Amino acid sequence: GAGVSQSPSNKVTEKGKDVELRCDPISGHTALYWYRQRLGQGLEFLIYFQGNSAPDKSGLPSDRFSAERTGESVSTLTIQRTQQEDSAVYLCASSLVAAGTEAFFGQGTRLTVV
Amino acid sequence: GENVEQHPSTLSVQEGDSAVIKCTYSDSASNYFPWYKQELGKRPQLIIDIRSNVGEKKDQRIAVTLNKTAKHFSLHITETQPEDSAVYFCAASKGSGGYQKVTFGTGTKLQVIP
């Protein structure tokens, strides 16, 4: 596709269950970001991948959160033992590796933990 | 790491008036400063950006200014219209050997009152 694609678009899960969110970046974009956005709030940085470099995991809020990316392709964000406070929209963005380039966002996955 | 502060968090203006949103950054090596607009329920999208070799950039009713010495940059919207109502995010990044993680501000919710 032409843009960043995320799936699912909506996910309702029971507290304590694990969830996996998927992000397909724009082809050729080696930089990939995950953000969390709670209702009415800003963009909370979670993790940043760039090419084959070690990911910047400094934004992951707890060890229940993890993310993987193979090469320059799909990324998955996994939340284990979900809690109600994990309810939010999870946004993925990708960009070219160059000094100063636009980040393109996916439409997000709205996660609701009940 | 980079720290970006954004003010105000909310802003209400009458239609036709101007709106100004200000951001400061901490890392003097940052050299790319994009602004994103997020309409309700939608993904953030780039509206304008500026690089450190330029002091001002304008695109129709939108302008951005950069003061490298003071490490702050601002978004100016003139002749505001109801469709300008959205959340605006500033950001900063630097290119260093291809590493250019983007750091976002906390967002400004702009309401244009008809």
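Residues numbered from 1 in each chain as written. Chains lettered and ligands numbered in written order. Predicted model: local features only at pLDDT ≥ 70, side-chain atom pairs only at ≥ 80, totals over all residues. Heavy atoms only, no water.

Asker: Would you mind going over the sheet that holds strand β1 (residues 5–7) of chain A with me for this structure?
Answerer: Strand-to-strand pairing in sheets goes through backbone hydrogen bonds, with the strands running parallel or antiparallel. Residues and elements named next belong to chain A. Here four strands make up an open sheet; going across it, the order is β1-β3-β7-β6 and the pairing antiparallel. Bordering the open sheet on either side are β1 and β6 (65–69), each of which pairs with just one other strand. Going across the sheet, the axis of each strand differs from the next one's by a mean of 15°, ignoring polarity. Sheet analysis places β1 next to strand β3 (residues 19–24), joined by three bridges and oriented antiparallel. Considered in β3, the bridge of Gln-6 is made with Cys-23. (Pairing = 2+ DSSP bridges. Helix = DSSP H or I, 4+ residues; strand = E, 2+ residues; numbered from the N terminus. Axes fitted to C-alpha atoms, helices over the stretch in contact; angles between N-to-C directions.)

Asker: How should I be thinking about the packing of aromatic side chains in this particular structure?
Answerer: The description of an aromatic ring pair rests on the distance of the ring centres and on the angle between the ring planes. Here the structure, examined in full by the defined rule, presents 13 aromatic pairs over all chains. For the ring pair B:Tyr25 and B:Phe73, a centre distance of 6.0 Å and an interplane angle of 55° mean the geometry is tilted. Taken together, the residues B:Tyr25 in strand β3 (residues 19–25) and B:Phe73 in strand β8 (residues 72–77) connect sequence positions 48 residues apart. Here the two residues B:Tyr25 and B:Phe73 agree in accessibility, since each one is buried. Put simply, the rings of A:Tyr33, A:Tyr35, A:Phe45, A:Tyr48, A:Phe105, B:Tyr36, B:Phe89 and B:Phe104 touch in pairs and so form one group of aromatic residues. (Phe/Tyr/Trp six-rings, centres within 6.5 Å; stacked < 30°, edge-to-face > 60°. Buried < 20%, exposed > 50% of the residue type's maximum accessible area, 1.4 Å probe, protein only.)

Asker: What am I meant to see in the pattern of salt bridges here?
Answerer: Any two side chains of opposite charge can pair, given that their charged atoms come close. Under the counting rule described, the total for this entry stands at eight salt bridges over all chains. A salt bridge links A:Arg36 to A:Glu44; the nearest nitrogen and oxygen atoms lie 2.9 Å apart. Since its relative accessible area comes to 5%, A:Arg36 is described here as buried. You can call A:Glu44 partly exposed: its relative accessible area is 29%. Note that B:Glu39 is salt-bridged to B:Lys42, the shortest N-O span being 3.7 Å. Assessed through its relative accessible area of 31%, B:Glu39 is described here as partly exposed. Among the ionic contacts, a cluster of salt bridges with common partners joins A:Arg36, A:Arg38 and A:Glu44. (Salt bridge = Lys/Arg side-chain N within 4 Å of Asp/Glu carboxyl O.)

Asker: Help me understand the sheet that holds β8(B) in this model?
Answerer: All names here are of chain B. Taken together, the five strands give an open sheet; going across it, the order is β1-β3-β8-β7-β6, and neighbouring strands pair in antiparallel fashion. Two strands close off the open sheet at either side, each with one partner strand: β1 (4–7) and β6 (56–59). On average, adjacent strands in this sheet sit at an angle of 15° to one another, irrespective of strand direction.

Asker: How should unusual backbone geometry be read in this particular structure?
Answerer: With the exception of glycine, most residues fall at negative phi, and the peptide bonds are largely trans. Along the chain, A:Ser7 connects to A:Pro8 via a cis peptide bond; the corresponding omega equals -10°. By the element assignment, A:Pro8 lies in the loop between β1 and β2 (10–13). Across the junction of B:His7 and B:Pro8, the peptide omega takes the value -5°, indicating a cis bond. Within the secondary structure, B:Pro8 is located in the loop between β1 and β2 (10–14). In this structure, B:Lys71 is a non-glycine residue whose phi angle is positive, near 55°. As for its position among the elements, B:Lys71 is in the loop between β7 (62–67) and β8. Take B:Lys71: its relative accessible area is 25%, and that puts it in the partly exposed class.

Asker: Explain the state of the cysteines here, please?
Answerer: Put plainly, two cysteines are in a disulfide when a covalent bond ties their sulfur atoms together. Residue and element names in this part refer to chain A. All told, the structure shown has two disulfides over all chains when counted by the stated rule. The disulfide partner of Cys-23 is Cys-92, and the gap between their sulfur atoms is 1.9 Å. Judged by the torsion about the S-S bond (-65°), the Cys-23/Cys-92 disulfide is left-handed. Here Cys-92 lies in strand β8 (residues 88–95) and Cys-23 lies in strand β3, a separation of 69 residues in the sequence. One exposure class covers both Cys-23 and Cys-92, and it is buried. (Disulfide = S-S within 2.5 Å.)

Asker: For this particular structure, what's the right way to read the pairing of β7(B)?
Answerer: Remark: a regular strand shows side chains that alternate across the two faces of the sheet. All names here are of chain B. Two strands pair when backbone bridges link them, and β6 and β7 are joined in this way by four bridges, in the antiparallel orientation. Bridge pairing in β7 links Asp-59 to Ile-62. In textbook terms, the turn of a hairpin is the stretch between consecutive antiparallel strands, and for β6 and β7 this stretch comprises two residues, one of which, Gln-60, has a positive phi near 55°. The pairing of β7 with β8 spans six bridges and is classified as antiparallel. Along β8, the bridge assignment pairs Val-64 with Leu-75.

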